[in-house]
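# Chain and residue survey
So the chains spell out like this:
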There are 2 protein chains.
Amino acid sequence: MYRSHTCGELNASHINTEVTLAGWVQKSRDKGFMIWVDLRDRYGLTQLIFDEKRTDKTVFEQAKSLGREFVIQIKGKVIERESKNPNMPTGEIEILVSELTILNEAMVPPFTIEDETDGGEDLRMKYRYLDIRRNPVKNNLLFRHKVSMEVRKYLSDKGFCDIETPYLIKSTPEGARDFVVPSRMNEGQFYALPQSPQTFKQLLMVGGMDKYFQIVKCFRDEDLRADRQPEFTQIDCEMAFVEQEDILDMFEGLTRHLLKEIKGVEVAKFPRITYDYAMKTYGNDKPDIRFEMKFGELNTVAKHKDFGVFNTAELVVGIAAPGCASYTRKEIDALIDWVKRPQVGASGMVYVKCEADGTFKSSVDKFYDQDDLKKWAEATNAKAGDLILVLSGNADKTRTQLSALRMEVATRLGLRKSNEFAPLWVIDFPLLEWDEESGRYHAMHHPFTSPKPEDIKLIETEPGKVRANAYDMVLNGNEIGGGSIRIHDRELQSRMFDLLGFSKEEAQAQFGFLMNAFEFGAPPHGGLAFGLDRLVSILGGQETIRDFIAFPKNNSGRDVMIDAPAKIDEKQLDELHIKLK
Amino acid sequence: MYRSHTCGELNASHINTEVTLAGWVQKSRDKGFMIWVDLRDRYGLTQLIFDEKRTDKTVFEQAKSLGREFVIQIKGKVIERESKNPNMPTGEIEILVSELTILNEAMVPPFTIEDETDGGEDLRMKYRYLDIRRNPVKNNLLFRHKVSMEVRKYLSDKGFCDIETPYLIKSTPEGARDFVVPSRMNEGQFYALPQSPQTFKQLLMVGGMDKYFQIVKCFRDEDLRADRQPEFTQIDCEMAFVEQEDILDMFEGLTRHLLKEIKGVEVAKFPRITYDYAMKTYGNDKPDIRFEMKFGELNTVAKHKDFGVFNTAELVVGIAAPGCASYTRKEIDALIDWVKRPQVGASGMVYVKCEADGTFKSSVDKFYDQDDLKKWAEATNAKAGDLILVLSGNADKTRTQLSALRMEVATRLGLRKSNEFAPLWVIDFPLLEWDEESGRYHAMHHPFTSPKPEDIKLIETEPGKVRANAYDMVLNGNEIGGGSIRIHDRELQSRMFDLLGFSKEEAQAQFGFLMNAFEFGAPPHGGLAFGLDRLVSILGGQETIRDFIAFPKNNSGRDVMIDAPAKIDEKQLDELHIKLK
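If you look chain A up in an unreviewed UniProt entry, it shows as Aspartate--tRNA ligase from Flavobacterium jejuense. Listed in UniProt under the heading Subcellular location (unreviewed entry), the comment for chain A reads: "Cytoplasm". Note on chain A: under the UniProt heading Function (unreviewed entry), the record states "Catalyzes the attachment of L-aspartate to tRNA(Asp) in a two-step reaction: L-aspartate is first activated by ATP to form Asp-AMP and then transferred to the acceptor end of tRNA(Asp)."

Right, here's the structure in full:
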């Protein structure tokens, strides 16, 4: 037993107790006749005092040698502090040290182990074990633990069974790229790491397990954009004998439970909007609804005047930036420059100031009179004091651009508050999306998603119009979960594979086991998967998932701490029946 | 909502309630005027009744078409059963069906979905989703869920933080063979799948996380013996600022908690025996102590008589099989044949019957008198009525043979009761073991295990005699967990790598990150990992882990259900910069 107490628990009630503590030297202040040391562990900080008059001479001298991050064990008596620190749980006391053991020395760390560190991203990743000592990272990991424990408890209490599905499975060309694992015992063959346990959870439903969940690592070998990881964690769930409504209810319940238990936030029933509505109203299938600024379509009120730009545009659409009528020319120009950036790609922006007196002042006053602009204000729900921002052009592109602008304005206005939570469901996703590159339809969710029964008749004739029983849970502008009611009928599943361009042979080779399973009594079923990394970071009020992962990889998929991936022995390659190209 | 109730919950209190149920047709009995159907789901069975007089004609006709494993939904009224079944939770009632919907038809399953099935292992694995419908498999999966939830709750309550460590790490030639994953983005380089998160959990301790756990998949590419899986699950734990005693206490507490919560069994403080004692007393470092039959060494009392076999033997050792003095010549011969099997390899067996009257009758009466044999009885703790079984030869081999015989006799005597639990700790393992093949020492546990401080002086001179701070938890003859206090000092870790035959460069390339970490303030730490698959199967009172894994692989590492591993596309190989040999 290296300690009688942690560094976070001693207070005035312990005064005069003899204690043993162990931890790291956070800092040391040497006043010559008196040395104070802040001793740190996971649980907190405790102040140690070495006093020339009261401390044994050897111990006092030893204390002088302590450097930052030394690991020490001390024995001593809890005494009352002269100058108390009310901001610290242990701020009432300090320890008058009688014995000091240096358990391990430490080199000077390459960055400061403080809440605000001087270490850059690369250095922090290389010495991640030091970075984890910092409160922000440590607290994120503790927070993640709390979230995953609550998820497990909630789902287990609801009758879900945590079942481990295999990691060494089969590669499927559909979807993202697989990581593969050469088999030594089966020459020329490979396992794949799962992109998700999708087919296994469906088989568990065929197997009668009824309610399944798993917090599980998944893998995608894709070029990494910012804040994507090659391995990521899903809360993976599936239920049998359910309709969409049952799933939405269950997982809305889970999310509400997490918000309440973890954040102390009560949220009302989640709004539900269709994919079409989301795209038209927010230009985006994962709208941030912590704030308004819904899209107002202006085609009927802005076209067929003398403004050629709008007349030739497929879509004219605007938002009302609240309280921004007072923006200066410079501020507005900055927004125009922003939308013209190649990342956004708008060719220009029209604006209308809704003045306090009910009049309007716009950048297109030459073409539109006050009555016209009043209609724009109505369409965008602009009030006096708001600034209407209008983009135009190709409908899809313009919506995407206005969506980006909406988010940017909200950020500038401080409307994206990390302690506010606005969850919603987006439902009725299209079943398929057209892929220009391959010249065929792709499954928008995945090939196991069921079409809405009333749209099945359109599958062969107008596939693009078929809606799916698919839904996403969106929180603060992020998709945190998504799922669908699955196909459980072999015939329909087979038609889906046809539609997605699989030959009969390919479909059988890849997914024969699933289609066979459907012939032995598959129940109706559906499910959902949350992205845990993202969910935790949003609940934690932060933007980047990386700080909620103990040992993340960088954008080249490397772990710079352990220096992986790395070369392997020729002998290993031989055994695996492969060679380098 | 496909159902108002499950198939396991209706009883007399629901009589006259209108209900909706959904599930699988377990069986159907058609008496012409009356049809009974047992409807099954995860939660139980409910009897449905279709009655020519009371049931709508169309529904009645439809009921005749129901085959085994059809998925149906019914509406009906709960009525009292005429002949109640007190062995079934729903045995008081049946459902008089008014509406029947066939949700999915089913082909005749390839084996019966009953507790005792007619399906062989291969067929059950191929159609694992049908096998899971059977109560024994389903209940095993539910049991596993219960165990893992209890583990998480217990450890979380004790302050352990569940932290996910990476799956894509670096290959290390030490230990078992790694599964590797070619990197697309880093040409010619490979990730490895973890054999355990060992180094990461140690880095978490260096990072100050203090108490870590994870229920985590691990991977070993080894030739599969019976009941080994290439992917397996560990309960992985690590603690900082602990000595061996703290670890033993903590995880003895966990195991005691599981036995109590899951099995309702209270066990006393676990016995602790040393590795040396275990080997001498049971011939085995994972002794089954549900029964006695401790080894009695007979060298001093059996050698130096006229029996040449014993005189030339390094070790003469026996056990007392309780109550077996009455064994017939045939039964004894069967045991002799058993020890002579090549798998055991003894050249013969001597026996002594301890008769009720206090006399002895042995197969070596020619060489030993009653006084001699009395001493044998004392050494083996044999009582009147017992049968002493004696083997001799090379000490290590003979102990191994007698250990096998001890287990076999216990099995024959029914002493290995699956509802009895006898946990213990085996401690003071050797640090190193000599490997004949490579002609050098290997780490018995792993290279991070610390030697006992008092034995460090022997490291360079008598490495084989150095004991480690390493311990195994043993339950009913199985190692269910093992761990050690780790090295936390760079210098000592470096000496260990030297001893294990690593060059400085190899050690730095493989484990440089860990040794560097030790220079920045590593705390004393240690831990333990349980094999969850094994733990669950023993708690479940069964022998094979495979039935506690949802989708196990066969002895060739294949998943015969999905048919993995499999060939992959040439394009995938190209992208990964590898080709087949």
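The next thing to look at is the nonpolar core. Counting 63 residues, the largest nonpolar core has A:Leu203, A:Leu204, A:Phe241, A:Val426, B:Tyr129 and B:Phe551 as its most contacted members. When residues of this core are assigned to their parent elements, the largest contribution, 7 residues, is made by helix H14 (residues 504-518) of chain A. Every residue in contact with A:Val426, bar those within four places of it in the chain, is listed here: A:Ile273, A:Thr274, A:Tyr275, A:Ala278, A:Asp285, A:Pro287, A:Ala470, A:Tyr471, A:Asp472 and A:Val474. Counting 62 residues, the second largest nonpolar core, distinct from the first, contains A:Leu103, B:Ala278, B:Leu432 and B:Met496.

Here we come to the relation of the copies chain A and chain B. Structural alignment of chain A on chain B gives an RMSD of 0.1 Å, achieved by rotating through 180° and translating 0.0 Å along the axis. The transformation just described matches what one would write down for a two-fold rotation axis. The overlap is high: 100% of the interface residues of chain A also sit at the interface in chain B, so the same surface is used on both sides.

How big an interface is tends to be reported as the loss of accessible area on association of its parts. Along its sequence, chain A is carved into domain 1 (12-104), domain 2 (138-272 + 423-549) and domain 3 (297-410). Between domain 1 of chain A and domain 3 of chain A, the C-alpha centre-to-centre distance is 63 Å.

Our focus in this paragraph is the interface of chain A and chain B. Contact with chain A, which involves 124 residues of that partner, is made by 124 residues of chain B. Taken together, both faces of the contact between chain A and chain B bury some 11100 Å²; the carbon and sulfur share is 61%. Broken down residue by residue, the surface that chain A buries against chain B is led by A:Glu164, A:Phe241 and A:Phe520, which jointly contribute 8%. At the boundary of chain A with chain B, the tally comes to 14 salt bridges. For A:Arg177, the salt bridge is made with B:Glu575, and the minimal N-O distance between the two is 2.9 Å. Connecting chain A to chain B are 69 residue pairs in polar contact (both at pLDDT 80 or more). For the side of chain A that touches chain B, the element with the highest residue contribution is helix H4 (residues 135-157) of chain A, accounting for 10 residues.

Here we take up the side chain of A:His5. Residue and element names in this part refer to chain A. With respect to the secondary-structure elements, His 5 resides in the segment before strand S1 (18-30). Separated by 2.9 Å, the side chains of His 5 and Ser 4 make a polar contact. Discounting chain neighbours no more than four positions away, the residues touching His 5 are Leu 10, His 14, Val 19, Thr 20 and Leu 21.

Residues and elements named next belong to chain A. Within this structure's numbering, the places UniProt gives as "binding site: ATP" (unreviewed entry) are Arg 220, Asp 221, Glu 222, Gln 229, Glu 479, Gly 531, Leu 532, Asp 533 and Arg 534. Among the residues just listed, Leu 532 line the largest cavity. Structurally, Gln 229 is set in the loop between strand S9 (211-219) and strand S10 (231-240). Once you skip the residues sitting within four places of it in the chain, Gln 229 turns out to touch Leu 224, Ile 545, Arg 546, Ile 549, Pro 552 and Lys 553. Turning to its location among the elements, Gly 531 is positioned in strand S22 (residues 525-531). Exposure remark for Gly 531: the relative accessible area of 27% places this residue in the partly exposed category. Look past the residues within four positions of Gly 531 in its chain and what remains in contact with it is Thr 233 and Ile 480.

Another point: the packing of helix H13 (residues 490-499) of chain B against helix H14 (residues 504-517) of chain B. Residue and element names in this part refer to chain B. Their axes nearest at 11 Å, the elements H13 and H14 cross at an angle of 150°. Judged on the interaxial angle alone, H14 and H13 are roughly antiparallel. In terms of crossing hand, the pair formed by H13 and H14 is right-handed. In this structure, H13 contributes Arg 490, Gln 493, Ser 494, Phe 497 and Asp 498 to the contact, and H14 contributes Lys 504, Ala 507, Gln 508, Phe 511, Met 515 and Asn 516. Here the residues of the contact of H13 with H14 are counted per class, giving 4 nonpolar, 4 polar and 3 charged.

Another point: the packing of aromatic side chains. All names here are of chain A. Summed over the entire model, instances satisfying the criterion amount to 49 aromatic pairs over all chains. Both rings, one in Phe 310 and one in Tyr 368, keep their centres 6.3 Å apart while their planes meet at 40°; by these two values the pair is tilted. You can see Phe 310 sitting in helix H9 (residues 308-311) and its partner Tyr 368 sitting in the loop between strand S15 (360-362) and helix H11 (370-380), a full 58 residues away along the chain. Side by side, Phe 310 and Tyr 368 carry an identical accessibility label, which is buried.

Residues and elements named next belong to chain A. Strands sit in the order S1-S2-S3-S5-S4 around a closed barrel of 5 strands; the barrel is mixed. Going from strand to strand, the sheet's axes swing by 55° on average, the running direction of each strand aside. Of the strands in this sheet, S1, strand S2 (34-41), strand S3 (44-51) and strand S5 (93-104) are in contact with helix H1 (residues 57-64), which crosses S5 at around 70°.

Looking at the element boundaries, B:Asn469 is found in the loop between strand S19 (440-443) and strand S20 (470-475). The contacts of B:Asn469, once residues within four sequence positions are left out, are B:Gln244, B:Ser450, B:Pro451, B:Lys452, B:Pro453, B:Gly483, B:Ser484 and B:Ile485.

This part is about the pairing of S3(A). Residues and elements named next belong to chain A. In terms of burial, S3 is a largely internal element, 6 of the 8 residues being buried. Relative to S3, S2 runs antiparallel, the two being bridged by 8 bridges. Note that in S3 the partner of Leu 39 across the bridge is Thr 46. Taking the residues between adjacent antiparallel strands as the criterion, S2 and S3 are bridged by 2 residues.

All right, on to the sheet that holds strand S13 (residues 315-321) of chain B then. Residues and elements named next belong to chain B. Pairing is antiparallel across the open sheet formed by 5 strands, whose spatial order is S12-S13-S16-S14-S15. The sheet terminates laterally at strand S12 (296-297) and strand S15 (360-362), the two strands that pair on one side only. As paired elements, strand S14 (residues 350-354) and strand S16 (residues 387-393) share 4 bridges and run antiparallel to each other. Each residue of the ladder has a partner; that of Val 350, found in S16, is Val 390. Sitting on the sheet, helix H11 (residues 370-380) touches S12, S13, S14, S15 and S16, and the angle it makes with S15 is about 95°.

All names here are of chain A. Enumeration according to the criterion identifies 93 salt bridges over all chains in this entry. Between Glu 80 and Lys 84 there is a salt bridge, with its nearest N and O atoms 2.7 Å apart. Between Arg 467 and Asp 428 there is a salt bridge; the shortest N-O distance is 3.9 Å. Here the residue Arg 467 occupies a position in the loop between strand S19 (440-443) and strand S20 (470-475), and Asp 428 occupies one in the loop between strand S17 (423-427) and strand S18 (432-435), the gap between them amounting to 39 residues.

On to a negative patch on the surface. There is a patch of like negative charges on the surface, built from A:Glu505, A:Glu506, B:Asp569 and B:Glu570. Mapping A:Glu505 onto the fold places it in helix H14.

Turning next to the packing of H4(A) against helix H6 (residues 244-263) of chain A. Residues and elements named next belong to chain A. Two elements in contact, H4 and H6, have axes separated by 10 Å at closest approach and are oriented at 135°. When the axis of H4 is compared with that of H6, the two are oblique. The chirality of how H4 crosses H6 is right-handed. Residues Phe 143, Lys 146, Val 147, Glu 150, Val 151, Tyr 154 and Leu 155 of H4 touch H6, and the partners they reach there are Met 250, Phe 251, Gly 253, Leu 254, His 257, Leu 258, Glu 261, Ile 262 and Lys 263. When grouped by side-chain class, the residues that make up the contact of H4 with H6 number 10 nonpolar, 2 polar and 4 charged.

Quick look at the pairing of strand S21 (residues 478-485) of chain A now. Residue and element names in this part refer to chain A. In terms of residue burial, S21 counts as a mostly covered element, since 6 of its 8 residues are buried. The sheet contact formed by S20 and S21 spans 6 bridges and is antiparallel. Of the residues in S21, the one forming a bridge with Leu 475 is Asn 478. From the end of S20 to the start of S21, which pair antiparallel, there are 2 residues, and Asn 476 there has a positive phi angle of about 55°. When S21 meets S22, the two strands line up antiparallel, connected through 5 bridges. Residue pairing in the sheet places Ile 485 in a bridge with Gly 526 of S22.

Criteria and cut-off values
Residues numbered from 1 in each chain as written. Chains lettered and ligands numbered in written order. Predicted model: local features only at pLDDT ≥ 70, side-chain atom pairs only at ≥ 80, totals over all residues. Heavy atoms only, no water. UniProt positions renumbered as here; feature names shortened; annotations may be inferred. Core = buried A, V, L, I, M, F, W, Y, C linked by side-chain atoms within 4.5 Å. Buried < 20%, exposed > 50% of the residue type's maximum accessible area, 1.4 Å probe, protein only. Helix = DSSP H or I, 4+ residues; strand = E, 2+ residues; numbered from the N terminus. Contact = heavy atoms within 4.5 Å. Least-squares fit on C-alpha atoms with pLDDT ≥ 70 in both. Domains from an automatic or database assignment. Buried area = accessible area lost by both parts, 1.4 Å probe. Salt bridge = Lys/Arg side-chain N within 4 Å of Asp/Glu carboxyl O. Polar contact = N/O pair within 3.5 Å; in protein donor to acceptor, adjacent residues only side chain to side chain. 1 Å grid on protein atoms, 1.4 Å probe; cavity = no way out; pocket = protein on both sides within 12 Å on 5 of 7 lines; lining within 4 Å. Axes fitted to C-alpha atoms, helices over the stretch in contact; angles between N-to-C directions. Parallel < 35°, antiparallel > 145°, perpendicular 65-115°, else oblique. Left-handed = near helix turned anticlockwise from the far one by under 90°. Nonpolar A, V, L, I, M, F, W, Y, C, P; charged D, E, K, R; others polar. Phe/Tyr/Trp six-rings, centres within 6.5 Å; stacked < 30°, edge-to-face > 60°. Pairing = 2+ DSSP bridges. Patch = residues over 30% accessible without salt bridge, like charges linked within 9 Å, V, L, I, M, F, W, Y side chains within 5 Å. Areas by Shrake-Rupley, 256 points an atom, 1.4 Å probe, with all protein chains shown as cover. Lys, Arg positive; Asp, Glu negative; His and termini not counted. Charge placed at Lys NZ, Arg CZ, Asp CG, Glu CD.

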